[in-house]
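Here is how the chains run, residue by residue.
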Amino acid sequence: MATFLYKVGRLAFRRRHFVALLWIALLTLAGIGAASAPAAGSTSFSIPGTEAQKAFDLLDQRFPGSSSNGATARVVFKAPSGEKMTDADNKATVEKTVKELADGSEVVSVSDPFTTNAVSKDGTVAYTSVKYDVAGMELKDSSKNALEDTAAQARATGLTVDVGGDALQAAAEMGIGEIIGIALAAVVLLITLGSLVSAGLPLLTAIIGVGIGVSTITALAKTLDLGSTTSTLAMMIGLAVGIDYALFIVSRYRAELAEGREREEAAGRAVGTAGSAVVFAGLTVVIALAGLAVVNVPMLTKMGVAAAGTVVVAVLIALTMIPALLGYAGRRIKPTGEKAKWLGGGSAKEAAKSARPNMGTRWASFVVRRPAAVLVLSVLGLGAIALPASQLQLGLPDDSSQPTSTTQRRAYDLLAEGFGPGFNGPLMIVVDAKNSDAPKAAVSTVTDKIKTLDDVVTVSPAAFNKAGDTATITVIPDSKPSSVTTEDLVHTIRDEGAGIKADTDAQVLVTGTTAMNIDFSQRLNDALIPYLGLVVGLAFLLLIVVFRSILVPLKAALGFLLSVLASLGAVVAVFQWGWLASLIGVEETGPIMSMMPIFLVGVVFGLAMDYEVFLVTRMREAYVHGEKPSQAVVTGFKHGARVVTAAAVIMMAVFSGFITSSESMVKMIGFGLAVAVLFDAFVVRMAIVPAVLALLGKRAWWLPKWLDRILPNVDVEGEGLRKLDAENSTDSDPDGDRELVRA
C-alpha cells in the first residue's frame, strides 16, 4: 500500500492543477445540489419490531386520516393570582383562542378544555390540544406564526400562556462555540507546524471536505429522509478527522524535507507512510459509524452512514488534495524544526532548542524507565473517573430538559403544576379487538384492569374506530415521563395484556411518545454488546493486519474500553448528577440520552484508533528497521507525540464547540467526545500504550508464523519505499556499488 500511495502522492503533487479543480468542482456541484434541493422535513422516527411502533402502524391502518405522526401543540393557560380559568373573561379568552386555532390550514382538530375536562382541579390551569396533519418540522411557517400570534393575543389579556409539544420544534441552533473551536484549532496548527501556510492547509482541506459532505447530505435530505442532526454529526466528525488526517500528512512531509528530500519526493513519501496510517485510521472510523446499522433504528443507520461518507471524503482529500496544495505552497512549507521568521525561526535560540530532545522523547524515556508505575497510576485514575458510569440511567430528553427560557419548558412546568408530572407523558393504549367475539367487552376489561394498577392517575374513556374493532385509551401516569416508575408501569400494562389476550383474544399495545422512548432505550441497550463486538472485532482484525501483532491490537481495544468508561463516568457526573453542569449551560439534569453510550463506543473507537495507528506505526517502523523495542517506543514518540498531541487538542476544540448548541443531544455528544479524546489521547495512548509496550518488549510484536504467512502485507511502515530507494540507488550508480563490493 505504501508504494501505491507514494505514487498517488507524487502524481497529485505534479498534477496539482487538475486535482485542485476536481475537488473545487465537487464542492461546487454539492453546493448547487444543496441550494436547489427541496427543504427537508422531519426525520421519520421509527423503531421496527417494537410494540410502540406496531401500535402506531396499527393506528394508521384502523384510524385512517388520524395523522398519528402529525405535529401536536398544547396551549397552556394559567389564570392570574386569585382568579380561575372558569371565570367569564378568562373562559371567553380561551374559547376565542380555540376558535382562532381551528382556522389553521394544517390543523386537524382543536380541543375545548371546558368540554374535555382539561381544567385542573383548582381551576387555575387549563389547556387545549391542537393536532396537525403534518409533522412538526414540516409545518409551514404560517402555521407556526399563527400559533405563536394566537398565544400572544391570549397572553395580552393577562393570562399566562405557553405552548408545548413539537409544533414549534426548530432545528438545533449552534452558538459561536464551533467557530471558537476552529479558531483554537488554527492556533494549535500554527504552533505545531510553524507557519501560516502549513497551518492553513489542514483547515482549508477539512472545510472543503465538510462542505462536500454536509452539502451532499443537505441535497439528499428530502429523498433519504435525513434530519438536521445527521448533518451536525457529519460536520462534527468531518471537521475533526479532516484536520487530523491533513495534519498527519503535512507533518510527515516536513519531516521528509528535514531529511533532505526534494519536495515532490517528500510529498510522495508523506502520503505513502502517513497516508497509509490515515487510510487505516479512516477505515476504523467508517467501520464504527457504519456499524450503527446493527441497532436496526433507521434514523441512527442514516446518521452513521452519512457521517462515514464524510470521513471517506476526508481521507480522499488528505491523500490527494494535500499533496497538490503542498505543490502550490512550495518553499513556504518549512522542514521540521524550522519556523517562520516572525515566529522565531532561524534564530540561534531555535537552533539550540531543536538540538535538545523534544518533550515526546523525554516523556517516552521516563515511561520506559518506570512502565509499571505509569501503567498502574493511569489505570487507577481512569477507573476512578469511570465509577459514576455504574449509576448510569438512560432515557430520552423531553421538554423538561429544555432551557427555562423556552415556552416549551414553561408549558411543561405549568402542566405538571396543574395536572401532575405524569400529564406530560401520557400513555396511549391501543386495543386490537378484531379477533374478539365481544370487542367492547374486551376494551372494558382492559380499562378496568389498568385502573387498578399503581401509578395510574386517570384513564380516559375508550375511543373506537368506525369499524368498532379497535380502540384507544389514554392513561395518565403519576410520575414524570423519564422516571423509572413510568417505565415500570409500561412494562406492567404489557404484562397484563398477555393475560387479557388469552381471555378475550384482544391484543393490548402500549404506545405514545413515552412508550416509544422506552422501547428506543431498550433497543439501544440490547444492541450495545453486539455492536461493541462487531466494531471492536472488525477493527481488531484490521489492526492485526496493520501492526502484524496480536498483543498490540488487544492492548488498543482494552485501552479504548477504559477511555469510553471514563468518558461515560464524566457524562454521568455532569449531566445526571449535575457536577459543574452550570459551566457548560446544563440547566436540567436527568437521565443520559439512550444513544449516548452507543455513540461514544462508535465514534470514540474510530477516533482513538487514529492516534493508535499513527503513533504505534512510527514505533513499528523503527522496530522493523532494527531498533530495540524500548528504543522504538522512544523513537515513535519523538516523531509522533507532538503531532498526536496537536491532533487531540484540535479534536477537543472542535467537539467542545458543539457544547454551546441549544440541542441537548448535540451538547451531550460534544462534551462526551471531547472528554473521551482527552482521556484516550493523553492517558491511554500517551501513557498506557508506551508503558505496556515497554513491559512486553519483543513479545509486543509477536505473530504466529502461520498467521504471518496468510495475512496480506499492507506495508504501513513503508518498507517498500526503502527497497525502492535501494533499487534507484543501484540503477543510478552501478559502478559505485561494484567499487564498494570490491573494497
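Structure: see above.
Right, let's walk through the structure included here. Here the structure is a predicted model, which is why all the values come from computation and not from measurement. (Residues numbered from 1 in each chain as written. Predicted model: local features only at pLDDT ≥ 70, side-chain atom pairs only at ≥ 80, totals over all residues. Heavy atoms only, no water.)

A look at the overall build of the chain
Moving on, step 1. Regarding its fold elements, the chain presents 24 helices and eleven strands.
Moving on, step 2. Per-residue burial for the chain yields a buried fraction of 54% across its 743 residues.
Moving on, step 3. Taking as baseline every contact in the chain between residues at least 6 positions apart, the subset at least 24 positions apart corresponds to 80%.
Moving on, step 4. Summed over its atoms, the accessible surface of the chain is roughly 31,800 Å², and 59% of this surface lies on carbon and sulfur atoms. (Helix = DSSP H or I, 4+ residues; strand = E, 2+ residues; numbered from the N terminus. Buried < 20%, exposed > 50% of the residue type's maximum accessible area, 1.4 Å probe, protein only. Contact = heavy atoms within 4.5 Å. Areas by Shrake-Rupley, 256 points an atom, 1.4 Å probe, with all protein chains shown as cover.)

Topic: the sheet that holds strand β4 (residues 160–165)
Adjacent strands of a sheet form backbone hydrogen bonds with each other and so pair up, either parallel or antiparallel.
Moving on, step 1. With respect to topology, four strands assemble into an open sheet ordered β2-β3-β1-β4, the strand pairing being antiparallel. A single partner strand is all that each edge strand has here, and the edge strands are β2 (107–110) and β4. Within the sheet, the average angular offset between the axes of one strand and its neighbour, ignoring direction, is 20 degrees.
Moving on, step 2. Bridging between strand β1 (residues 72–78) and β4 involves six bridges; their strand directions are antiparallel. The residue bridging F77 from the neighbouring strand is V161, located in β4.
Moving on, step 3. This element, helix α5 (residues 141–155), spans β1, β3 (125–132) and β4 of the sheet and lies at about 155 degrees to β4.
Moving on, step 4. Lying over the sheet, helix α14 (residues 407–419) contacts β1, β3 and β4, oriented at roughly 105 degrees with respect to β4. (Pairing = 2+ DSSP bridges. Axes fitted to C-alpha atoms, helices over the stretch in contact; angles between N-to-C directions.)

A word on the environment of T150
Moving on, step 1. Considering the arrangement of structural elements, one finds T150 in helix α5.
Moving on, step 2. Judged by its relative accessible area of 7%, T150 falls in the buried class.
Moving on, step 3. Separated by 54 residues in sequence, T150 and K96 place their C-alpha atoms 9.4 Å apart.
Moving on, step 4. With sequence-adjacent residues up to four places away left out, T150 is seen in contact with T97, E100 and L101.

Remarks on the pairing of β3
Moving on, step 1. Counting buried residues in β3 gives seven out of eight residues, a clear majority hidden from the surface.
Moving on, step 2. Pairing of β2 with β3 involves three bridges; the strand directions are antiparallel. Pairing of V107 across the sheet is with Y132, part of β3.

A short note on the pattern of salt bridges
Moving on, step 1. Applying the stated criterion to the full structure yields 18 salt bridges.
Moving on, step 2. As a salt-bridge pair, K449 and E496 come within 3.7 Å of each other at their nearest N and O atoms. Residue K449 is located in helix α15 (residues 439–451), and its partner E496 is located in helix α16 (residues 484–504); the two are separated by 47 residues in the primary sequence.
Moving on, step 3. Judged by relative accessible area, which is 34%, K449 ranks as partly exposed.
Moving on, step 4. Of the residues examined, E496 reaches a relative accessible area of 28% and is grouped as partly exposed.
Moving on, step 5. By sharing partners, the salt bridges in this structure join R10, R14, E264, E265 and R269 into a single network. (Salt bridge = Lys/Arg side-chain N within 4 Å of Asp/Glu carboxyl O.)

Any functional reading would require information beyond the geometric quantities listed.
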